[in-house]
Amino acid sequence: MNHVIKLLNEQYRNLHLIWKLSLYNIKSEYSNHYLGLFWNILQPLMQAAIYYMIFGLGLRGATAPDAEIPFIIYLISGLFPWLFISQAINIGSNSIYAQLGLVTKMRFPSSVLLSISFTNSLINLFFMTVIIGLISLFNQYSNPIYFLGLVYFLVASFALIFAITLVMSTLIILVRDFRNVLQNFIRMGFFLTPIFWQAGERGGLLQMVSDLNPFAYLVQTFRNALIYGDGFLYGDGIDHLYFWSITVFLLMIGSYLHMKFRYKLIDYL
């Protein structure tokens, strides 16, 4: 647990650095694009349009799991947080490997790279959240007071994503095969998370696996705050206990691995 506290304190001490480097990364990424930062909005919307044509018009006939909410609204309220989660995990898990020269040549806190990746993805999510929020307000899907549930979503997302990237960023350097494992893990997570289908409408093994999926908890928390408004938090006490047990366990494992190998990673190249 000492490793966890030390790494979280490291993020707090470097908040200014994390924010500055995140803004720099986003500006540099789109510096040679005519549309610039507008791609933060356009690209997710294009992905949503593709999934809507496949899962909405194609497979479901544009019917929503909830008759009161159009399928496209249900889709984007699950797809946008998933894109944020998957992007943060994918980039964060490869961030130390990509910047290994920087980490090994100077006393740069390598764990900060994970938070920078998270912040980059969070900035992209911000624009999408504003769009869904405005749609929700216009159609009165959720009481605006429940939008405060997004604060909990951010805290829970950071905890789980930081934990996973701590584990994977080390394992990817130690064993290259974990890069392929990560890609398949993210791909599988997309279909096992209730993005285009509703939790509870599937039975058997799929539903059981979905219930054990911590990403489903995050997506439903986001969706509950903006669309359903069934309270400040999604789920019951068991759901919260399960999610945070998994998260704390991964944080402890990831912190141990990170602290053990953070100054030895160059030896594994």
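The rules behind the values
- Think of each chain on its own: its residues are numbered from 1, step by step along the sequence as written.
- A pLDDT threshold of at least 70 governs which residues receive local features in this predicted model, and a stricter bar of 80 or more applies before side-chain atom pairs are shown or counted, although totals over entire chains, interfaces and linings include all residues.
- Side-chain metrics in this entry use all non-hydrogen atoms of the structure; hydrogen atoms and water are not considered.
- Pairing of aromatic rings covers Phe, Tyr and the six-membered ring of Trp, with a centre-to-centre limit of 6.5 Å; geometry is then stacked below 30 degrees between planes, edge-to-face above 60, and tilted otherwise.
- Secondary structure elements follow DSSP: runs of H or I of four or more residues count as helices, runs of E of two or more count as strands, with numbering from the N terminus.
- Whether a residue is buried, partly exposed or exposed follows from its accessible area with a 1.4 Å probe, protein chains only, as a fraction of its type maximum: under 20%, in between, or over 50%, in that order.
- Where helices are involved, their axes are fitted lines through C-alpha atoms of the stretch in contact, as for all axes, and angles between N-to-C directions lie from 0 to 180°.
- Throughout, the term roughly parallel applies to angles under 35 degrees, roughly antiparallel to angles over 145, roughly perpendicular to angles from 65 to 115, and oblique to all others.
- What makes a crossing left-handed is the near helix being turned counterclockwise from the far one by less than a right angle; a clockwise turn instead makes it right-handed.
- Contact criterion: two residues are considered in contact whenever any of their non-hydrogen atoms come within 4.5 Å of each other.
- UniProt positions are given in the numbering used here, feature names are shortened, and annotations may be inferred rather than shown by experiment.

1. Structural notes on the packing of aromatic side chains
The final tally for this structure, using the stated rule, is 15 aromatic pairs. Aromatic pair Trp82 and Phe190: ring centres 6.5 Å apart, planes at 50°, arrangement tilted. With Trp82 in helix H4 (residues 71-98) and Phe190 in helix H8 (residues 177-192), the pair connects residues that are 108 residues apart, well separated along the chain. Summarising the burial analysis for this pair, Trp82 and Phe190 share the class buried.

2. A closer look at the packing of H4 against helix H10 (residues 214-228)
Across the interface, H4 lies against H10 with an axial gap of 9 Å and an inter-helix angle of 135°. Taken together, the axes of H4 and H10 are oblique relative to one another. Relative to H10, the crossing made by H4 is right-handed. Here H4 contributes Ile73, Tyr74, Leu75, Ser77, Gly78, Pro81, Trp82, Ile85 and Ile89 to the contact with H10, which in turn contributes Phe215, Leu218, Val219, Phe222, Arg223, Ile227 and Tyr228.

3. Some points on the UniProt feature "transmembrane region" (unreviewed entry) in the protein chain
Within this numbering scheme, the UniProt entry marks residues 37-59, 71-91, 112-138, 150-174, 181-200 and 241-259 as carrying the feature "transmembrane region" (unreviewed entry). Helix makes up 100% of residues 71-91 and strand makes up 0%, while its end C-alpha atoms are separated by 30 Å. Taken end to end, residues 150-174 comprises 100% helix and 0% strand; its first and last C-alpha atoms sit 36 Å apart.

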